[in-house]
Every structure is written in structure tokens, then in C-alpha cells.
Amino acid sequence: VQLQAFGGGLVQAGGSLRLSCAASGGTFSRYGMGWFRQAPGKEREFVAAIGWSGGLTKYADAVKGRFTISRDNAKNTVYLQMNSLKPEDTAVYYCAAADTAMVVTATRVNYWGQGTLVTVSS
């Protein structure tokens, strides 16, 4: 499975961005999908996850209520809508796929996207 993430950029605090991750080379609907992020000097951390059909979602406490993960299995794409962005959201965001219902830990990830940089200015 190949994952390509895009949609990052520079935004002011309080603004919004929508990340997309397109998958190819596999049966998309069989994978739990997720987003992780890595800020400079920090370890990669879990952001959000979504189950096979999109009915189940899970969020890190830091983004709960501000970010929304969704998926379109017909388009082999997973999204991350990010609202009310804060400077501490600045990071490289990676999409991830795993052959499990929900991927919430990096060690369970089977496939990583290349990352897209999100920069939130204060």
C-alpha cells in the first residue's frame, strides 16, 4: 500500500486546514487508518484513527473537539479536518494504515505516508 498525504501549509492560529491521504495498491477498506504527527525534537505521536467502515473514531486528547477524521472508501482517501489550530499543532503530519481495526500506536502501523508539514503561526 502506498500512501500520499497532502494539504499541509502555513496557517494562523485559529485557522483551519484539511489534510488528505490517498491510498493505492491495496484494498483500502481493509485497513484501519490514522494520522500521527511529529514536532521538531519530539517523538511521533498519535492524532486520530478511524475504523474500516468509518463508524469508529478515536482522538488524542490534545485534538479532541477540534480535529475530525473521516474516510471515503470509494475514493481510497482518508481526511483530517483541523479547526481552531494552535501553534502547538505545528508538526509534520503522517497518515498511516494498519491491518487492524483501529491504529492508535505507531508500532502497529504497517504503512506510512511521506508526511505533510503543518505550520501554525501565533
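For the structure itself, consult the block above.
Quantities reported herein were computed from a predicted structural model and do not represent experimental measurements. (Residues numbered from 1 in each chain as written. Predicted model: local features only at pLDDT ≥ 70, side-chain atom pairs only at ≥ 80, totals over all residues. Heavy atoms only, no water.)

J.: Sorry, what's going on with the pairing of strand E3 (residues 17-24) here?
T.: Within a regular beta strand, the side chains point alternately toward one face of the sheet and then the other, so they alternate between its two faces. Both strand E1 (residues 2-6) and E3 contribute to a ladder of 5 bridges, which runs antiparallel. Along E3, the bridge assignment pairs Phe6 with Ser20. Where E3 and strand E8 (residues 77-82) come together, 6 bridges link them in antiparallel fashion. Considered in E8, the bridge of Ser20 is made with Tyr79. (Pairing = 2+ DSSP bridges. Helix = DSSP H or I, 4+ residues; strand = E, 2+ residues; numbered from the N terminus.)

J.: Sorry, what's going on with the packing of aromatic side chains here?
T.: A full pass over the atoms with the stated rule returns 4 aromatic pairs. Ring centres of Tyr31 and Tyr111 lie 5.8 Å apart, and the angle between their planes is 85°; on these two criteria the pair is classed as edge-to-face. In this pair, Tyr31 sits in the loop between E3 and strand E4 (32-38) while Tyr111 sits in strand E10 (residues 111-112), placing the two residues 80 residues apart along the sequence. Residue classification places Tyr31 among the buried positions, given a relative accessible area of 15%. Considering the side-chain rings of Phe36 and Trp112, the 5.2 Å spacing of their centres and the 70° angle between planes classify their relative orientation as edge-to-face. (Phe/Tyr/Trp six-rings, centres within 6.5 Å; stacked < 30°, edge-to-face > 60°. Buried < 20%, exposed > 50% of the residue type's maximum accessible area, 1.4 Å probe, protein only.)

J.: Looking at this structure, how should I read empty space enclosed by the protein?
T.: Here the idea is plain: a probe the size of a water molecule rolls over the atoms and shows the empty space left. In total, this model carries 1 cavity of 30 Å³ or more according to the counting rule given. Each pocket or cavity is described by its volume, and for the largest cavity that value is around 50 Å³. Val1, Ala23, Ser24, Gly25, Gly26, Thr27, Phe28, Tyr31, Met33, Asn76 and Ala97 are the residues that line the largest cavity. Among the residues making up the lining of the largest cavity, the classes are represented as 6 nonpolar, 5 polar and no charged. (1 Å grid on protein atoms, 1.4 Å probe; cavity = no way out; pocket = protein on both sides within 12 Å on 5 of 7 lines; lining within 4 Å. Points joined across faces, edges and corners; volume = space filled by probe spheres on them. Nonpolar A, V, L, I, M, F, W, Y, C, P; charged D, E, K, R; others polar.)

J.: Sorry, what's going on with the sheet that holds E1 here?
T.: As a general point, the strands of a sheet are linked pairwise by backbone hydrogen bonds and lie either parallel or antiparallel. The 4 strands lie next to each other as E1-E3-E8-E7, forming an open sheet whose pairing is antiparallel. Of all strands in the sheet, those with a lone pairing partner are E1 and strand E7 (67-72), marking the two edges. Direction aside, neighbouring strands of the sheet carry axes that sit 15° apart on average. (Axes fitted to C-alpha atoms, helices over the stretch in contact; angles between N-to-C directions.)

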